[in-house]
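Given next are the chains, with one letter for each unit.
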Amino acid sequence: SRDKHGYCDGVSRRSFLQVGAMSMGGLTLAGLLRAEAQAGIGSSHKAIINIHLGGGPSHQDMFDLKPNAPVEYRGEFNPIKTNVSGMQICELMPKLAQMADKYAVIRSLVGSSAGHSNYQTHSGFNQRDLENVGGRPAMGSVIGYLQGPTPSGAPPFISSNGGEPGFLGPAYKPYKPDGDGRKNLALQRDMTEDHLSDRTSLLGSLDKIRRDMDRTGSMEAMDSFTQKAQEVVVSGTLADALDVRKEDQKVQDRYGGRDGQNFLLARRMIEAGVRVVTFNWGGWDTHSNNFTKLRDQLPKLDIAMSALIEDLEQRGMLNDVSIVMWGEFGRTPRVNSNGGGRDHWPKLAMAFLAGGGMKTGQAIGQSTKYAEEALERPVHFQEVHATLLHNMGINPHTQQIHDPAGRPQYLLEHRDPINELI
C-alpha cells in the first residue's frame, strides 16, 4: 500500500442494511459477525496495534546507532542514554529514551522479502506464499477468524493500510475507516432507529419460511447477528471512536495533534472493542536527504509513540495491548552519494515492541560493526508474529486453519515466540 509520501518503485452496498451496515468487501457487518462466530467470541480483550513505517526505516539511525564507525557509516546523529542501563537510542527521541523500560527493540531482525510492501508485517510471509489458494491471511484476519469480535460488536480487524484475508476469504477483510466506511456507521437522514428496527423485523419476516425449515438454528443465529449489527450502528460506539474530535484537546495535543492522530485513533478503536488495528505512518524511503527527513519525522514519532504507551498504561490497558512498529527492511550501512541518503537493505531491519505483558526494557540481538547484518540472536519476522499471537492467547505451535483445498495450514513456519519477551 502506498501512502502520500510514495515509494521509489512506485457484493453491492445496496442492501436493506445500507442505512447503517459496514461494508467488508461486499459483506454487511451482520454477515461478518455471522462468519466470525463459528470460532466463538473471546472473553478477554487482548489487542494488537501494528504500525508499519512504510518505505523501510533506517535501523542504524533510530535504535542501533554506531557512534564509533567512520562518518560515512555512522551518519549525523548521536546516541543518548535511556532509563535502561546500557541501552541507547537516537538523540531525536528523548521522550522514548526516558521510558525505555516500557518497550523492547530488536536490532537483529532478518528474513525480509525485500519488496516495498506491508504484506510481510501483516502476515509474516512473502506475497507469493500459498498464492494458488488465495495467499496467506493477515494476522488481523486470522485473529478475526479465530476470536471474532468482542462483545461490543466492533469489527475485530480495522486497517487503513490494507491487510489481505488471503485464503480465509472476504468475510475476514479488515474494516477500512475511510470516508465511505464512516458513512456506513451513521443512519441516513430519512432513517430513524424505529425505521431501522422495522426493516430488521421485515427481513426476519421474509425469511420465516426458511427459518421454519431450518433445523440447524442458523437462521435464528442470523437474526441475532443482524440485531448486533444494528446495535453497533445505533449505539454509535465505533463511530465515536473514529472521531478524534471527541477526545479532550489536551490529549490530542499530547499525541502531537494531527501528526499523531493515527496513534490516538488506534487507542480509541481498541477501547471500542477492536482486536487488531494497523496503519502506516510517515515516509521512510530515504534514498536521499535521509537525515533531513529523519530530523522532521523522529521527533514527531517520539511524541506520538510515547503518548500512546503512557495513555495505555494510565488506562490500565498496556498489559493487554501489544504494540509493534517496524517496516519492510532496513537501510544501507553506508550513506550514499545521492544527497546523503541510505538505500534498501533487506539483510537487516529493526522492530519495536511494547505492552502485551512482554518483558520490556531490553535490546534483543546485536548487529555487526556497521549494522550490516545480525551478529547475535537473529530474529525472524515470523518470530515477531508468533510472539504477538502468543500474546493474544493463540498457540502458533498447535493452531491450524484449513485452506480452501481442505488442507490444514499452520499460521507460521517459524513458530517460536521470542523467548526473551515472554
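Data block above holds the structure.
Cut-off values and rules
Residues numbered from 1 in each chain as written. Predicted model: local features only at pLDDT ≥ 70, side-chain atom pairs only at ≥ 80, totals over all residues. Heavy atoms only, no water. Helix = DSSP H or I, 4+ residues; strand = E, 2+ residues; numbered from the N terminus. Buried < 20%, exposed > 50% of the residue type's maximum accessible area, 1.4 Å probe, protein only. Salt bridge = Lys/Arg side-chain N within 4 Å of Asp/Glu carboxyl O. Phe/Tyr/Trp six-rings, centres within 6.5 Å; stacked < 30°, edge-to-face > 60°. Core = buried A, V, L, I, M, F, W, Y, C linked by side-chain atoms within 4.5 Å. Contact = heavy atoms within 4.5 Å. Polar contact = N/O pair within 3.5 Å; in protein donor to acceptor, adjacent residues only side chain to side chain.

A. Quick look at the overall build of the chain. Secondary structure assignment for the chain yields 14 helices and 16 strands. Across the 422 residues that make up the chain, the buried fraction comes to 55%.

B. Just the pattern of salt bridges, in detail. Tallying each qualifying case throughout the model produces 23 salt bridges. In this structure, the salt-bridge partner of K66 is D64, at a minimum N-O distance of 3.6 Å. The same class applies to K66 and to D64, which are both buried. For R267, the salt bridge identified is with E271, shortest N-O distance 2.6 Å. On the criterion of helical spacing, the pair formed by R267 and E271 is a turn pair, its members being four residues apart in helix α12 (residues 261–271). Through salt bridges with shared partners, a single ionic network connects E247, R267, R268, E271, D311 and R315.

C. A look at the packing of aromatic side chains. Inspection of the entire model under this criterion finds nine aromatic pairs. A ring pair is formed by W281 and W284, whose centres lie 6.2 Å apart and whose planes are at 40 degrees; its orientation type is tilted. Across the pair, W284 and W281 agree in class, each one buried. For the ring pair W326 and F381, a centre distance of 5.4 Å and an interplane angle of 25 degrees mean the geometry is stacked. With W326 in strand β7 (residues 321–326) and F381 in helix α14 (residues 381–391), this pair connects stretches of sequence that are 55 residues apart. Both residues of the pair, W326 and F381, count as buried. A connected cluster of aromatic rings, assembled from ring pairs, spans F263, F279, W281 and W284.

D. Summary view of α12. Taken across its 11 residues, α12 has eight buried, putting it largely inside the fold. Of all the residues in α12, the buried ones are F263, L264, L265, A266, R267, R268, M269 and I270. Where α12 terminates, the next one or two residues include G273, which has phi positive at roughly 115 degrees.

E. Quick peek at the nonpolar core. Grouped together as the largest cluster of nonpolar side chains are 60 residues, with contacts concentrated most on I51, Y103, F263, M305, I309 and F352. Contacts of M305, omitting those with residues within four sequence positions, involve I51, L96, F263, I323, M325 and F352. Counting residues in each nonpolar core, the second largest holds 38 residues, with L130, F157, A171 and L388 among its members.

F. View of unusual backbone geometry. A positive phi is found at A114, a non-glycine position, where the angle reads about 80 degrees. Note on placement: A114 falls in the loop between β4 (103–110) and α4 (119–123). A positive phi angle, near 55 degrees, is found at L130, a position not held by glycine. Within the secondary structure layout, L130 lies in the loop between α4 and α5 (139–147). You can call L130 buried: its relative accessible area is 18%.

G. Focus on the side chain of S123. Relative to the helices and strands, S123 resides in helix α4. Using a relative accessible area of 6% as the deciding quantity, one classes S123 as buried. A polar contact is formed between the side chain of S123 and the backbone oxygen of Y119, at a distance of 2.8 Å. Not counting the four nearest positions on each side in its chain, S123 is found in contact with R136, P137, A138, M139, H385 and L412.

H. Here's a closer look at the environment of H59. The residue H59 is located in the loop between β1 (47–52) and α2 (71–74) in this model. Exposure remark for H59: the relative accessible area of 2% places this residue in the buried category. Spatially, the C-alpha atoms of H59 and W326 are 9.5 Å apart, while their sequence positions differ by 267 residues. Ignoring any residue separated from it by four or fewer positions in sequence, one finds H59 in contact with D64, G330, R331, W345, L348, A349, M350 and A371.

Everything listed here is a matter of coordinates, which is why it stays silent on function.
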